[in-house]
Protein chains: 2
Amino acid sequence: MTKEIPADQSSAVSPLAPVGGFPELPAIDGVTIATGASGVRYHGRDDVMVASIAPGSSVAGVFTRSSTRSESVRDCEKKIALAARTDQSGPFGLLACAGNANTFTGTHGRDCVELTASALGRKLGTSARRVFTAFTGVIGERLPVERVLATLDGLDLAHGAERRPDGFERAAAAITTTDTFPKGAGRRIPLGDREICIAGIAKGSGMIAPDMATMLAFVFSDAKVDQDLLQRLVGTANEATFNSTTVDGDTSTSDTLIVAATGRSGVEVSERDPAVLDSFGAGLECVMLDLAQQVIRDGEGATKFVEIEVRGGASPESSKRVAMAIANSPLVKTAISGEDPNWGRIVMAIGKSGEAVDPDRLTISMGDTLVASGGESACPPDEIERTLAAYMRQPEIRIVADVGVGSSAATVWTCDLSKRYVEINADYRS
Amino acid sequence: MTKEIPADQSSAVSPLAPVGGFPELPAIDGVTIATGASGVRYHGRDDVMVASIAPGSSVAGVFTRSSTRSESVRDCEKKIALAARTDQSGPFGLLACAGNANTFTGTHGRDCVELTASALGRKLGTSARRVFTAFTGVIGERLPVERVLATLDGLDLAHGAERRPDGFERAAAAITTTDTFPKGAGRRIPLGDREICIAGIAKGSGMIAPDMATMLAFVFSDAKVDQDLLQRLVGTANEATFNSTTVDGDTSTSDTLIVAATGRSGVEVSERDPAVLDSFGAGLECVMLDLAQQVIRDGEGATKFVEIEVRGGASPESSKRVAMAIANSPLVKTAISGEDPNWGRIVMAIGKSGEAVDPDRLTISMGDTLVASGGESACPPDEIERTLAAYMRQPEIRIVADVGVGSSAATVWTCDLSKRYVEINADYRS
């Protein structure tokens, strides 16, 4: 579009960003990453990230369920299914590009996916059917694909960026759009004298909702995992991580999570060894939760990081729907933005969820303060206000609600709704 | 609460308010209204409205479906059902009070409903079971009911406010909270040499969502209508009016629509006379749509009135869910606030609805401009921007989307999401 991106949108780092900056991530044997600058939308920064994933790796993916999802998402879905069924060989390739979503541009969009996947396939000496693409940015505008292809041409995968100390950070920065900081997370999982490493990067800031936070996330491990098992582990971890976060309730057309396991550590993860399986599953979920929470910490205009736990629900799914009703309520989110302990709006949001709730047994806590129990206020409003005034000024807020009908629970994460969210989204073409 | 209500929240009338101010409404024979000032929350203004509805009237109601709905709502639901089943006599009474929702305050809240209904019943010489109450305002704070009772004592229903030229307007003003203007609508329906009159008032501004906009609405007519028929007509009209509007997707605990028909015109509305039935049904829907749209025009912080029509849906319900997904999308609403013809976000919202959609046949128009068709942009982005720049600056925006799978349609109404919405809701305890 012709609109310029205001400079202050990229300059101010979210006040909720993790302290200490981008974490040190373990290099993943078998994965080579490179970045480049295509100028599709952004200038003076990298905006293309490419990964080569060694032959013999397994790949799993979770994608947006939007019915208007992008051509890349539809293409990745097919290729993941294909990789599970066939015995192809050669490396896998991954291309991500920020600035244009390559979505809702008809046959042109389809052509762009084919052209970029083929080009990267040729560069890696592998079939285009083993190359995954992901685009993020403005919907409905034609991608100037020649710029991406020219950038691909110039990339040196033999000396990939992740070999350098700032490799994953450069990759994480290259895929950002309205993000104010690059997002990475990793774990080293010791297993006796062996070790599994996991490293992941993500981007995402707005258009974040259940059925995948609106984001791209790429996670790599040197574990050896059968593709079906990897897909199951990723699906389970996804429910408790990316699918338990929301910024604005809006679901992207391009949400993509791809997890690759190269096997180069020589450690096999399988049902036959429950200890290794559990360690790997927990490590994967840790990395994914860390990334998902970083996306929330970078929520557009966010000034508060909010954890919402719902207990006493009829089922885990029901508990999660109640938690998401609270997390997505504009009135709850604006109250938190205003540092107002307005728990009446939490009662409202629980009520609108449509889930089984016993109003007469409902309890609500904010931080350590019980604000409501047994269907009414737990102490006089002025006292609640005094007790909670300091708490509400904290950058991290925790809300626990017990809906009093069962024994299930769920936890979700969100941020507040501030004037800055409106400013960013009234002005930025995303 | 201890917080003061900022003066500017009540002073600035919405830029979308109907021109010409409060409409002239027909007096309804058999209905007497009075207002008073209790000082429960607001000072220097009336905040209590009472109506006496003549014996022989029928009464219908629609209420919030929130599982944390107020004691008044639960009480009204029972009384409406009772009125249908029993052959009680005497007038009906109606009490509405602004400033405190009398919700989620346990047995105290239940006592307040009983005390106020009994007091008004005694005043009107009727059973408390024929008195409906409605409270709107802060959730979870105890209602200082003695102030409401004292105010009731002082009201003069023999010389009710609606007998004065500004009667309904005073009543409409008495029930407002964050509203910036009082809302009224009426129709005179000529039927040969006879006439049916309908007059209604409403309040509502935020916490407005499907399953009743968050609001109170009271509609009176001098038609003679059997209660079962009246309830059916009100239910049908409600789907196409209040239930087709949204400000913020948040559902109140106190939504109440009560419709009373006194029969004093002598005109009977029944299945036996389809012409009269249709005229009354259409008139009722007209009044309710007018009131519902006024609530949207007074949406908190609203600067744009937005009509969204979805065509080509699999069913009317599916079309409405797609329309509501667009209407409730923070990203669509902020784009409209920023006067940005960002139709890509409409594609996103349609996709997240979960409804049957054919992306390759999707068309979207904004005003008279076709912005997308056949699964892609209908003209270059810069041209869309030029063509639509002036349109997006208008206070009223119309979006039409055809999802290409069926022949059903639905229309809903909403407003934009502005910084002012956040300001109002970060600071106001509702």
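If you're wondering where the values come from, they're calculated on a predicted model, not measured in any experiment.

(A) Region of interest: the packing of helix α8 (residues 316-327) of chain B against helix α10 (residues 344-352) of chain B. Residues and elements named next belong to chain B. In the contact formed by α8 and α10, the axes pass within 8 Å of each other and the chain directions differ by 130 degrees. In terms of axis orientation, α8 runs oblique to α10. Relative to α10, the crossing made by α8 is right-handed. For the pair α8 and α10, contact is made by Val 322, Ala 325 and Ile 326 and by Ile 346, Ala 349, Ile 350 and Lys 352, respectively. Its residues placed into classes, the contact of α8 with α10 shows six nonpolar, no polar and one charged.

(B) Representation of the interface of chain A and chain B. Contact residues are listed per partner, giving 64 residues for chain A and 63 residues for chain B. Together chain A and chain B conceal approximately 5200 Å² of surface at their shared face, both sides included; 56% is due to carbon and sulfur atoms. Linking chain A with chain B are six salt bridges, by the criterion used here. Linking Asp 360 of chain B and Arg 110 of chain A is a salt bridge whose minimum nitrogen-to-oxygen distance equals 3.3 Å. In this structure, the connection of chain A to chain B is made through ten residue pairs in polar contact (both at pLDDT 80 or more).

(C) Representation of the packing of aromatic side chains within the structure. Overall, the coordinates contain six aromatic pairs over all chains when judged by the stated rule. One residue, Lys 183 of chain B, lies across the ring of Phe 181 of chain B, its end atom 4.5 Å from the ring centre.

(D) Seen up close, the side chain of Thr 126 of chain A. Residue and element names in this part refer to chain A. As for its position among the elements, Thr 126 is in the loop between α3 (106-124) and β5 (131-138). Residue classification places Thr 126 among the buried residues on the basis of a relative accessible area of 13%. Side-chain polar atoms of Thr 126 contact the backbone oxygen of Pro 91, separated by 2.7 Å. Ignoring anything within four residues of it in the chain, the contact list for Thr 126 reads Ser 89, Gly 90, Pro 91, Gly 121 and Val 131.

(E) Summary view of the environment of Gly 167 of chain B. Examined against the element boundaries, Gly 167 of chain B turns out to sit in helix α5 (residues 167-174). For the pair Gly 167 of chain B and Ile 33 of chain B, spaced 134 residues apart in sequence, the C-alpha to C-alpha distance is 7.4 Å.

(F) Layout of the pairing of strand β11 (residues 256-261) of chain B. With six of its six residues buried, β11 of chain B lies for the most part within the structure. Of the two faces of β11 of chain B, both are covered, the one formed by Thr 256, Ile 258 and Ala 260 of chain B as well as the one formed by Leu 257, Val 259 and Ala 261 of chain B.

How each quantity is defined
- Residues numbered from 1 in each chain as written.
- Chains lettered and ligands numbered in written order.
- Predicted model: local features only at pLDDT ≥ 70, side-chain atom pairs only at ≥ 80, totals over all residues.
- Heavy atoms only, no water.
- Axes fitted to C-alpha atoms, helices over the stretch in contact; angles between N-to-C directions.
- Helix = DSSP H or I, 4+ residues; strand = E, 2+ residues; numbered from the N terminus.
- Parallel < 35°, antiparallel > 145°, perpendicular 65-115°, else oblique.
- Left-handed = near helix turned anticlockwise from the far one by under 90°.
- Contact = heavy atoms within 4.5 Å.
- Nonpolar A, V, L, I, M, F, W, Y, C, P; charged D, E, K, R; others polar.
- Buried area = accessible area lost by both parts, 1.4 Å probe.
- Salt bridge = Lys/Arg side-chain N within 4 Å of Asp/Glu carboxyl O.
- Polar contact = N/O pair within 3.5 Å; in protein donor to acceptor, adjacent residues only side chain to side chain.
- Phe/Tyr/Trp six-rings, centres within 6.5 Å; stacked < 30°, edge-to-face > 60°.
- Lys NZ or Arg CZ within 6 Å of the ring centre and 35° of its normal.
- Buried < 20%, exposed > 50% of the residue type's maximum accessible area, 1.4 Å probe, protein only.

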